[in-house]
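What follows is each chain in one-letter form.
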Amino acid sequence: MNIQKTLTTMIKVISTVFMSCAIGWELWNIYAVMNNLSIPSSLNFIFWIERFAITAHSIEAVIAAFYAPKKQKTPIKYAIYTFFVGTVALIELFAKEENSSKKPIYKTTI
């Protein structure tokens, strides 16, 4: 297995874990605000980072949903995948297809 595939797989796993944690973190924040619980002000920086990540991944998911049909992919599935994985999913979506789907060119010599 080459290094690029290993790195891509690691990014996918780490990104999915972080995005799941970010969703949980935001839900906890909403719960705390609704129930008048105090949140330490030292955590505000983490909340802003988490909100930036969720916003960026949401924008990437919208882009993926828009372009997925052009690449013969299901828009909602690819949008959800892109939301959790991030830029790596967009790179996969826009990567040039292999030549395996095209007819081979045969050279003839006369």
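The shown structure was predicted, so the numbers you read here are calculated from the model rather than taken from an experiment.

**Q** Can you walk me through the side chain of Glu26 in this structure?
**A** Mapped onto the fold, Glu26 is located in helix H1 (residues 3-34). Look at Glu26 and you get buried, because its relative accessible area is 18%. Discounting residues that sit within four places of it in the chain, Glu26 has contacts with Phe47, Glu50 and Arg51.

**Q** Looking at this structure, I do not really get a nonpolar patch on the surface. What am I missing?
**A** Among the surface-exposed residues, Met10, Val13, Ile14, Val17 and Phe18 lie close enough to one another that they form a single nonpolar patch of about 490 Å² accessible area. Relative to the helices and strands, Val17 resides in helix H1.

**Q** Any chance you could explain the environment of Lys77 here in plain terms?
**A** Here Lys77 lies in helix H3 (residues 75-85). Measuring from C-alpha to C-alpha, the distance between Lys77 and Ala61 comes to 9.8 Å, with 16 residues separating the pair along the chain.

**Q** Looking at this model, I keep getting lost on the packing of H1 against helix H2 (residues 44-67). Mind explaining?
**A** The geometry of H1 relative to H2 is characterised by a closest axis approach of 10 Å and an angle of 120° between their N-to-C directions. Judged on the interaxial angle alone, H2 and H1 are oblique. With respect to the hand of their crossing, H1 and H2 are arranged in left-handed fashion. Contacts from Ser15, Met19, Ala22, Ile23, Trp25, Glu26, Trp28 and Asn29 in H1 reach Ile46, Phe47, Glu50, Arg51, Ala53, Ile54 and His57 in H2. Partitioned by chemical class, the residues of the contact of H1 with H2 number nine nonpolar, three polar and three charged.

**Q** Would you take a moment to explain the pattern of salt bridges for this structure?
**A** Side chains that carry opposite charge are capable of pairing whenever their charged atoms lie near each other. Applying the stated criterion across every chain, the model contains two salt bridges. A salt bridge links Arg51 to Glu26, with the nearest nitrogen and oxygen atoms 3.2 Å apart. Of this pair, Arg51 sits in helix H2 while Glu26 sits in helix H1, and the two are 25 residues apart along the sequence. Given a relative accessible area of 26%, Arg51 falls into the partly exposed group.

**Q** Just checking my understanding: could you explain the nonpolar core for this structure?
**A** In summary, soluble globular proteins display a tendency toward joint burial of nonpolar side chains. Counting residues in hydrophobic clusters, the biggest one holds eight residues: Ala64, Ala68, Tyr78, Val85, Val88, Ala89, Leu90 and Leu93. Among the elements of the structure, H3 and helix H4 (87-94) are those that each provide at least two residues to this core. Sorting elements by how many residues they give to this core places H4 first, with four residues. Residue contacts for Ala64: discarding those within four places in its chain leaves Tyr78, Ala79, Thr82, Leu90 and Leu93. Within the second largest apolar cluster, six residues are counted, among which are Met19, Ala22, Ala61 and Phe83.

**Q** Where do I start with the environment of Thr82 in this structure?
**A** Inspection of the secondary structure assignment puts Thr82 in helix H3. Judged by its relative accessible area of 0%, Thr82 falls in the buried class. Ignoring sequence-local partners within four residues, the contact set of Thr82 consists of His57, Glu60, Ala61, Ala64, Ala89 and Leu90. Looking at Thr82, its side chain comes within polar contact range of the main-chain oxygen of Tyr78, at 2.7 Å.

Parameters and conventions
Residues numbered from 1 in each chain as written. Predicted model: local features only at pLDDT ≥ 70, side-chain atom pairs only at ≥ 80, totals over all residues. Heavy atoms only, no water. Helix = DSSP H or I, 4+ residues; strand = E, 2+ residues; numbered from the N terminus. Buried < 20%, exposed > 50% of the residue type's maximum accessible area, 1.4 Å probe, protein only. Contact = heavy atoms within 4.5 Å. Patch = residues over 30% accessible without salt bridge, like charges linked within 9 Å, V, L, I, M, F, W, Y side chains within 5 Å. Areas by Shrake-Rupley, 256 points an atom, 1.4 Å probe, with all protein chains shown as cover. Salt bridge = Lys/Arg side-chain N within 4 Å of Asp/Glu carboxyl O. Axes fitted to C-alpha atoms, helices over the stretch in contact; angles between N-to-C directions. Parallel < 35°, antiparallel > 145°, perpendicular 65-115°, else oblique. Left-handed = near helix turned anticlockwise from the far one by under 90°. Nonpolar A, V, L, I, M, F, W, Y, C, P; charged D, E, K, R; others polar. Core = buried A, V, L, I, M, F, W, Y, C linked by side-chain atoms within 4.5 Å. Polar contact = N/O pair within 3.5 Å; in protein donor to acceptor, adjacent residues only side chain to side chain.

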